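In case you want the letters, here they are:
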Amino acid sequence: MFTERLLDWFDTHKRDLPWRGETDPYRIWISEVILQQTRVVQGMDYYRRFLETFPTCAALAAAPEAEVLKVWQGLGYYSRARNLHAAARQIVADHGGTFPSDYPSIRNLKGVGDYTAAAIASIAFGLPYPAVDGNVLRFVARYQGIFDNIAAPATRKLVETTCQKWIPNDRPGDFNQAMMEMGAMVCTPKNPSCTACPFASACYAFQHQQVEQLPVKQKTITVKNRYFHYLIFLHNDQTILQRRAENDIWRELYEFPLVEIDGEQFDIVNYLNDNKIEYTEEPCQVWQTQHQLTHRRIFAYFYVVSVKCLPPLSEHQQIVPVSRLRDFAVAKVTERALQRVFQQ
Ligand code: SF4
(Lines give C-alpha, C1' and ligand atoms only; values in the text may rest on other atoms or scores of the structure.)
Protein backbone atom coordinates (compact mmCIF):
# COMPACT_ATOMS: atom_id res chain seq x y z
CA MET A 1 0.00 0.00 0.00
CA PHE A 2 2.73 2.46 1.05
CA THR A 3 4.92 1.48 -1.91
CA GLU A 4 2.12 1.67 -4.48
CA ARG A 5 1.03 5.05 -3.23
CA LEU A 6 4.61 6.31 -3.28
CA LEU A 7 5.32 5.11 -6.82
CA ASP A 8 1.99 6.45 -8.12
CA TRP A 9 2.85 9.83 -6.66
CA PHE A 10 6.37 9.68 -8.10
CA ASP A 11 5.16 8.74 -11.58
CA THR A 12 2.99 11.86 -11.67
CA HIS A 13 5.02 14.39 -9.70
CA LYS A 14 8.71 13.64 -10.17
CA ARG A 15 10.85 16.54 -11.29
CA ASP A 16 12.43 16.43 -14.71
CA LEU A 17 16.13 16.32 -13.78
CA PRO A 18 19.08 15.70 -16.11
CA TRP A 19 19.95 12.39 -14.44
CA ARG A 20 16.34 11.12 -14.34
CA GLY A 21 15.99 7.85 -16.27
CA GLU A 22 19.77 7.46 -16.36
CA THR A 23 20.99 3.88 -16.12
CA ASP A 24 24.74 4.42 -16.59
CA PRO A 25 26.24 3.76 -13.12
CA TYR A 26 29.07 6.24 -13.72
CA ARG A 27 26.65 9.09 -14.42
CA ILE A 28 24.38 8.09 -11.53
CA TRP A 29 27.39 8.04 -9.22
CA ILE A 30 28.47 11.53 -10.32
CA SER A 31 24.96 12.93 -9.81
CA GLU A 32 24.64 11.36 -6.36
CA VAL A 33 28.00 12.68 -5.18
CA ILE A 34 27.36 16.18 -6.53
CA LEU A 35 23.96 16.29 -4.83
CA GLN A 36 25.41 15.54 -1.41
CA GLN A 37 25.53 18.91 0.35
CA THR A 38 24.53 20.74 -2.86
CA ARG A 39 21.19 22.14 -3.98
CA VAL A 40 19.71 20.55 -7.12
CA VAL A 41 19.67 23.82 -9.11
CA GLN A 42 23.35 24.46 -8.45
CA GLY A 43 24.19 20.78 -8.94
CA MET A 44 22.71 20.54 -12.45
CA ASP A 45 25.30 22.85 -14.02
CA TYR A 46 28.15 21.04 -12.30
CA TYR A 47 26.74 17.68 -13.33
CA ARG A 48 26.68 18.70 -17.01
CA ARG A 49 30.11 20.34 -16.88
CA PHE A 50 31.69 17.43 -15.02
CA LEU A 51 30.42 14.89 -17.55
CA GLU A 52 31.41 17.05 -20.50
CA THR A 53 34.95 17.20 -19.12
CA PHE A 54 35.11 13.61 -17.88
CA PRO A 55 32.56 11.65 -19.93
CA THR A 56 33.73 8.24 -18.70
CA CYS A 57 35.30 6.64 -15.70
CA ALA A 58 38.49 6.16 -17.70
CA ALA A 59 38.61 9.87 -18.62
CA LEU A 60 38.20 10.83 -14.97
CA ALA A 61 40.86 8.35 -13.87
CA ALA A 62 43.31 9.67 -16.46
CA ALA A 63 42.89 13.34 -15.50
CA PRO A 64 45.31 15.08 -13.13
CA GLU A 65 43.79 15.82 -9.73
CA ALA A 66 44.25 19.57 -10.21
CA GLU A 67 41.95 19.45 -13.25
CA VAL A 68 39.27 17.57 -11.31
CA LEU A 69 39.45 20.11 -8.50
CA LYS A 70 39.19 22.95 -10.98
CA VAL A 71 35.95 21.58 -12.46
CA TRP A 72 34.67 21.06 -8.91
CA GLN A 73 35.59 24.57 -7.82
CA GLY A 74 32.74 26.36 -6.08
CA LEU A 75 30.91 23.20 -4.97
CA GLY A 76 32.84 22.93 -1.71
CA TYR A 77 33.53 19.74 0.27
CA TYR A 78 36.48 19.01 -2.01
CA SER A 79 37.04 15.59 -0.50
CA ARG A 80 34.09 14.51 -2.66
CA ALA A 81 36.03 15.38 -5.83
CA ARG A 82 39.21 13.75 -4.56
CA ASN A 83 37.33 10.58 -3.67
CA LEU A 84 35.61 10.48 -7.08
CA HIS A 85 38.99 10.74 -8.72
CA ALA A 86 40.56 8.06 -6.51
CA ALA A 87 37.58 5.73 -6.97
CA ALA A 88 37.70 6.16 -10.77
CA ARG A 89 41.32 5.03 -10.64
CA GLN A 90 40.28 2.14 -8.40
CA ILE A 91 37.64 1.10 -10.98
CA VAL A 92 40.23 1.16 -13.75
CA ALA A 93 42.81 -0.73 -11.68
CA ASP A 94 40.55 -3.32 -10.03
CA HIS A 95 37.63 -3.69 -12.47
CA GLY A 96 39.22 -3.00 -15.84
CA GLY A 97 37.38 0.31 -16.12
CA THR A 98 33.90 -1.27 -15.85
CA PHE A 99 31.77 0.00 -13.00
CA PRO A 100 31.24 -2.83 -10.47
CA SER A 101 27.70 -4.18 -10.46
CA ASP A 102 27.34 -5.74 -7.00
CA TYR A 103 26.68 -3.85 -3.78
CA PRO A 104 29.82 -4.89 -1.81
CA SER A 105 32.14 -3.87 -4.67
CA ILE A 106 30.34 -0.54 -5.15
CA ARG A 107 30.43 0.09 -1.38
CA ASN A 108 34.15 -0.68 -1.44
CA LEU A 109 34.94 2.28 -3.73
CA LYS A 110 36.69 5.18 -2.08
CA GLY A 111 34.25 7.71 -0.64
CA VAL A 112 31.18 5.59 -1.35
CA GLY A 113 29.06 5.13 1.78
CA ASP A 114 25.90 3.11 2.42
CA TYR A 115 23.63 5.72 0.89
CA THR A 116 25.53 6.22 -2.39
CA ALA A 117 26.17 2.50 -2.82
CA ALA A 118 22.47 1.76 -2.38
CA ALA A 119 21.46 4.55 -4.78
CA ILE A 120 23.81 3.27 -7.52
CA ALA A 121 22.99 -0.41 -6.92
CA SER A 122 19.24 0.21 -7.09
CA ILE A 123 19.06 2.77 -9.90
CA ALA A 124 21.71 1.34 -12.22
CA PHE A 125 21.47 -2.38 -11.45
CA GLY A 126 17.94 -2.86 -10.05
CA LEU A 127 19.16 -4.22 -6.70
CA PRO A 128 16.79 -3.72 -3.74
CA TYR A 129 18.98 -1.75 -1.34
CA PRO A 130 17.26 1.19 0.39
CA ALA A 131 19.13 4.51 0.10
CA VAL A 132 18.63 6.51 3.27
CA ASP A 133 19.66 10.15 3.17
CA GLY A 134 18.51 13.12 5.25
CA ASN A 135 15.33 13.50 3.19
CA VAL A 136 14.35 9.89 3.74
CA LEU A 137 15.18 10.01 7.46
CA ARG A 138 12.92 13.02 7.95
CA PHE A 139 10.04 11.64 5.89
CA VAL A 140 10.07 8.21 7.57
CA ALA A 141 10.55 9.68 11.07
CA ARG A 142 7.43 11.80 10.59
CA TYR A 143 5.39 9.16 8.82
CA GLN A 144 6.18 6.44 11.36
CA GLY A 145 6.36 8.71 14.42
CA ILE A 146 9.98 7.89 15.24
CA PHE A 147 11.12 10.13 18.10
CA ASP A 148 14.68 8.79 18.36
CA ASN A 149 17.56 11.07 17.42
CA ILE A 150 17.92 10.78 13.63
CA ALA A 151 21.62 11.65 13.90
CA ALA A 152 22.19 8.37 15.79
CA PRO A 153 23.37 5.34 13.76
CA ALA A 154 20.75 3.14 15.46
CA THR A 155 17.93 5.35 14.13
CA ARG A 156 19.33 5.23 10.62
CA LYS A 157 19.42 1.44 10.92
CA LEU A 158 15.78 1.43 12.04
CA VAL A 159 14.76 3.58 9.07
CA GLU A 160 16.78 1.38 6.72
CA THR A 161 15.07 -1.74 8.05
CA THR A 162 11.69 -0.07 7.60
CA CYS A 163 12.52 0.90 4.00
CA GLN A 164 13.84 -2.60 3.33
CA LYS A 165 10.30 -3.89 3.98
CA TRP A 166 8.81 -1.38 1.55
CA ILE A 167 11.31 -1.49 -1.32
CA PRO A 168 9.92 -3.50 -4.28
CA ASN A 169 12.06 -5.91 -6.27
CA ASP A 170 10.75 -4.66 -9.59
CA ARG A 171 11.38 -0.90 -9.13
CA PRO A 172 13.98 -0.41 -6.37
CA GLY A 173 15.62 2.53 -8.14
CA ASP A 174 12.34 4.36 -8.59
CA PHE A 175 11.44 3.59 -4.97
CA ASN A 176 14.65 5.18 -3.67
CA GLN A 177 14.30 8.20 -5.93
CA ALA A 178 10.65 8.58 -4.92
CA MET A 179 11.53 8.51 -1.20
CA MET A 180 14.16 11.19 -1.68
CA GLU A 181 11.81 13.23 -3.88
CA MET A 182 9.08 13.07 -1.21
CA GLY A 183 11.50 14.42 1.38
CA ALA A 184 12.82 17.10 -0.96
CA MET A 185 9.51 18.26 -2.43
CA VAL A 186 6.69 17.49 0.02
CA CYS A 187 7.95 16.47 3.45
CA THR A 188 10.40 19.35 3.54
CA PRO A 189 12.33 20.42 6.66
CA LYS A 190 10.25 23.59 7.08
CA ASN A 191 6.58 24.01 6.16
CA PRO A 192 5.98 20.55 4.68
CA SER A 193 3.04 20.38 2.26
CA CYS A 194 0.95 18.08 4.45
CA THR A 195 -2.37 19.04 2.88
CA ALA A 196 -1.07 18.00 -0.55
CA CYS A 197 0.74 14.92 0.77
CA PRO A 198 -0.55 11.52 -0.41
CA PHE A 199 0.42 10.06 2.99
CA ALA A 200 -1.38 12.56 5.22
CA SER A 201 -4.17 10.17 6.24
CA ALA A 202 -1.65 7.60 7.52
CA CYS A 203 1.09 9.92 8.72
CA TYR A 204 1.75 9.77 12.46
CA ALA A 205 3.14 13.29 12.72
CA PHE A 206 0.29 14.88 10.78
CA GLN A 207 -2.44 12.92 12.53
CA HIS A 208 -0.99 13.77 15.96
CA GLN A 209 -0.13 17.41 15.14
CA GLN A 210 3.53 16.72 15.78
CA VAL A 211 4.99 17.65 12.42
CA GLU A 212 6.95 20.48 14.03
CA GLN A 213 8.46 18.14 16.63
CA LEU A 214 9.79 15.63 14.11
CA PRO A 215 12.37 14.62 13.26
CA VAL A 216 14.35 14.82 16.49
CA LYS A 217 17.88 15.84 15.71
CA GLN A 218 20.51 16.27 18.38
CA LYS A 219 23.92 16.95 17.08
CA THR A 220 26.83 18.11 19.13
CA ILE A 221 29.40 19.71 16.92
CA THR A 222 32.18 21.79 18.39
CA VAL A 223 32.94 24.66 16.09
CA LYS A 224 36.40 26.15 16.30
CA ASN A 225 37.21 29.69 15.13
CA ARG A 226 40.23 30.17 12.89
CA TYR A 227 41.66 33.50 11.79
CA PHE A 228 43.29 33.62 8.35
CA HIS A 229 45.18 36.76 7.34
CA TYR A 230 45.97 36.65 3.63
CA LEU A 231 48.72 38.75 2.08
CA ILE A 232 48.20 39.69 -1.55
CA PHE A 233 51.70 40.78 -2.54
CA LEU A 234 51.83 42.84 -5.72
CA HIS A 235 54.82 43.63 -7.85
CA ASN A 236 54.79 44.26 -11.63
CA ASP A 237 51.34 42.66 -11.96
CA GLN A 238 52.59 39.54 -10.27
CA THR A 239 51.66 37.99 -6.97
CA ILE A 240 52.31 34.84 -4.93
CA LEU A 241 50.07 31.81 -4.51
CA GLN A 242 50.70 28.80 -2.34
CA ARG A 243 49.26 25.31 -2.27
CA ARG A 244 47.61 24.32 0.99
CA ALA A 245 48.92 21.45 3.04
CA GLU A 246 47.57 17.94 2.70
CA ASN A 247 46.46 17.59 6.28
CA ASP A 248 44.20 20.59 6.67
CA ILE A 249 40.98 22.04 5.27
CA TRP A 250 40.96 22.99 1.55
CA ARG A 251 43.65 20.43 1.03
CA GLU A 252 45.93 21.26 -1.92
CA LEU A 253 43.82 24.18 -3.10
CA TYR A 254 45.62 27.44 -3.82
CA GLU A 255 45.53 30.61 -1.77
CA PHE A 256 47.52 33.76 -1.08
CA PRO A 257 50.32 33.55 1.50
CA LEU A 258 48.64 33.09 4.82
CA VAL A 259 49.39 34.13 8.37
CA GLU A 260 47.15 32.24 10.77
CA ILE A 261 46.98 33.67 14.27
CA ASP A 262 44.72 33.33 17.24
CA GLY A 263 42.58 36.39 16.63
CA GLU A 264 41.44 39.13 14.32
CA GLN A 265 44.01 41.73 15.38
CA PHE A 266 46.95 41.40 13.00
CA ASP A 267 49.70 44.01 12.96
CA ILE A 268 50.66 43.74 9.33
CA VAL A 269 53.29 46.50 9.39
CA ASN A 270 55.07 44.77 12.23
CA TYR A 271 54.87 41.49 10.39
CA LEU A 272 56.35 42.97 7.21
CA ASN A 273 59.13 44.67 9.15
CA ASP A 274 59.96 41.52 11.10
CA ASN A 275 60.20 39.60 7.84
CA LYS A 276 62.17 42.37 6.11
CA ILE A 277 59.57 42.80 3.38
CA GLU A 278 59.81 46.30 1.92
CA TYR A 279 56.52 47.79 0.81
CA THR A 280 56.03 50.72 -1.52
CA GLU A 281 52.62 51.79 -0.25
CA GLU A 282 51.05 51.53 3.19
CA PRO A 283 49.53 48.00 3.26
CA CYS A 284 45.79 47.96 3.69
CA GLN A 285 43.05 45.50 4.40
CA VAL A 286 40.85 45.28 1.31
CA TRP A 287 38.26 42.72 2.34
CA GLN A 288 37.16 40.47 5.15
CA THR A 289 34.62 37.69 5.37
CA GLN A 290 33.42 34.75 7.44
CA HIS A 291 33.00 31.23 6.15
CA GLN A 292 31.26 28.42 7.99
CA LEU A 293 32.48 24.84 7.62
CA THR A 294 31.09 21.88 9.53
CA HIS A 295 33.61 22.05 12.36
CA ARG A 296 35.30 25.39 11.69
CA ARG A 297 34.34 29.03 11.40
CA ILE A 298 36.90 30.81 9.22
CA PHE A 299 37.47 34.52 9.64
CA ALA A 300 39.41 35.60 6.56
CA TYR A 301 41.10 38.98 6.08
CA PHE A 302 42.77 40.07 2.86
CA TYR A 303 45.52 42.69 2.69
CA VAL A 304 47.07 44.18 -0.42
CA VAL A 305 50.80 44.74 -0.03
CA SER A 306 52.61 46.50 -2.89
CA VAL A 307 56.25 45.54 -2.55
CA LYS A 308 59.59 46.54 -4.00
CA CYS A 309 60.18 42.94 -4.88
CA LEU A 310 58.25 39.79 -4.09
CA PRO A 311 59.49 38.06 -0.92
CA PRO A 312 61.48 34.81 -1.23
CA LEU A 313 59.26 31.82 -1.93
CA SER A 314 58.82 29.05 0.55
CA GLU A 315 57.98 25.47 -0.38
CA HIS A 316 54.59 25.19 -2.17
CA GLN A 317 54.65 28.85 -3.18
CA GLN A 318 54.94 30.20 -6.69
CA ILE A 319 54.88 33.52 -8.50
CA VAL A 320 51.74 33.98 -10.56
CA PRO A 321 50.79 36.78 -12.97
CA VAL A 322 47.63 38.46 -11.70
CA SER A 323 45.99 37.72 -15.07
CA ARG A 324 46.43 33.98 -14.45
CA LEU A 325 44.95 33.77 -10.96
CA ARG A 326 41.75 32.29 -12.36
CA ASP A 327 43.61 29.23 -13.64
CA PHE A 328 44.10 27.87 -10.11
CA ALA A 329 41.66 25.82 -8.05
CA VAL A 330 40.85 27.85 -4.97
CA ALA A 331 38.43 27.63 -2.06
CA LYS A 332 35.23 29.69 -2.07
CA VAL A 333 36.70 32.34 0.22
CA THR A 334 39.63 33.01 -2.12
CA GLU A 335 37.37 32.89 -5.15
CA ARG A 336 35.22 35.64 -3.68
CA ALA A 337 38.34 37.65 -2.79
CA LEU A 338 39.50 37.42 -6.41
CA GLN A 339 36.14 38.80 -7.52
CA ARG A 340 36.29 41.64 -4.99
CA VAL A 341 39.92 42.62 -5.33
CA PHE A 342 40.67 41.88 -8.98
CA GLN A 343 37.15 41.74 -10.44
CA GLN A 344 38.11 38.30 -11.80
S1 SF4 B 1 1.69 14.44 6.03
FE2 SF4 B 1 3.21 16.03 6.26
S3 SF4 B 1 4.63 15.26 7.80
FE4 SF4 B 1 3.46 13.54 7.08
S5 SF4 B 1 4.68 12.63 5.47
FE6 SF4 B 1 3.25 14.05 4.50
S7 SF4 B 1 4.35 15.99 4.36
FE8 SF4 B 1 5.44 14.69 5.81
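So, how was this worked out
- Residues numbered from 1 in each chain as written.
- Predicted model: local features only at pLDDT ≥ 70, side-chain atom pairs only at ≥ 80, totals over all residues.
- Helix = DSSP H or I, 4+ residues; strand = E, 2+ residues; numbered from the N terminus.
- Buried ≥ 20, exposed ≤ 12 C-beta atoms within 10 Å, placed from the backbone.
- Contact = placed C-beta atoms within 7 Å.
- Pairing = 2+ DSSP bridges.
- Axes fitted to C-alpha atoms, helices over the stretch in contact; angles between N-to-C directions.
- Domains from an automatic or database assignment.
- Nonpolar A, V, L, I, M, F, W, Y, C, P; charged D, E, K, R; others polar.
- Near = placed C-beta within 6 Å.
- Core = buried A, V, L, I, M, F, W, Y, C linked by C-beta atoms within 7 Å.

1. Here we look at the overall build of the protein chain
And step 1. Along the protein chain, the regular secondary structure elements total 14 helices and seven strands.
And step 2. Dimensions of the protein chain along its principal axes, counting C-alpha atoms only, are 75 × 50 × 30 Å.
And step 3. Within the protein chain, buried positions represent 33% of all 344 residues.
And step 4. Counting contacts in the protein chain only where the partners sit at least 6 residues apart, residues at least 24 apart contribute 67% of the total.

2. Overview of the sheet that holds strand S2 (residues 238-243)
Within a sheet, neighbouring strands are paired by backbone hydrogen bonds and run either parallel or antiparallel to one another.
And step 1. Strand order in the open sheet formed by three strands is S3-S2-S7, and the pairing between neighbours is antiparallel. Every interior strand has two partners, whereas the edge strands, strand S3 (254-255) and strand S7 (317-321), have only one.
And step 2. Relative to S7, S2 runs antiparallel, the two being bridged by five bridges. Within S7, the position partnered with Leu-241 by the bridge is Gln-318.

3. Observations concerning the sheet that holds strand S1 (residues 224-234)
And step 1. Reading across the sheet, the four strands line up as S4-S1-S6-S5 and stay open at both edges, with mixed pairing between neighbours. A single partner strand is all that each edge strand has here, and the edge strands are strand S4 (258-261) and strand S5 (284-292). Strand-to-strand twist of the sheet, defined as the mean angle between neighbouring strand axes without regard to direction, takes the value 20°.
And step 2. The sheet contact formed by S1 and strand S6 (residues 296-306) spans eleven bridges and is parallel. When the bridges of S6 are listed, Leu-231 appears paired with Tyr-303.
And step 3. Across the sheet, helix H14 (residues 332-342) lies against S1, S5 and S6, angled at about 145° from S5, the strand it touches most.

4. Overview of the domain arrangement of the protein chain
And step 1. Per the domain assignment, the segments of the protein chain are domain 1 (2-207) and domain 2 (224-342).
And step 2. Distance from the C-alpha centre of domain 1 to the C-alpha centre of domain 2: 37 Å.
And step 3. Classifying every residue of the side of domain 1 that touches domain 2 gives three nonpolar, three polar and one charged.

5. Observations concerning the pairing of S5
And step 1. Note that S5 and S6 share eight bridges and pair antiparallel. Among the inter-strand pairings, Gln-290 is bridged to a residue of S6, identified as Phe-299.
And step 2. The hairpin formed by S5 and S6 contains three residues between the paired strands.

6. What about the site of the ligand?
And step 1. Residues in close proximity to the ligand total 15 residues, the closest being Cys-187, Cys-194, Cys-197, Cys-203 and Phe-206.
And step 2. Among the residues forming the shell around the ligand, the class breakdown is 13 nonpolar, one polar and one charged.

7. Quick look at the nonpolar core
And step 1. Core analysis: the largest hydrophobic core is formed by 85 residues, its most contacted members being Ile-30, Ile-120, Val-136, Val-140, Met-179, Tyr-230 and Ile-232.
And step 2. No other element matches the eight residues that helix H8 (residues 114-125) contributes to this core.
And step 3. Here this core gathers at least three residues from each of two domains, domain 1 (2-207) and domain 2 (224-342).
And step 4. In contact with Met-179, not counting residues within four places along its chain, are Leu-6, Val-136, Phe-139 and Cys-163.

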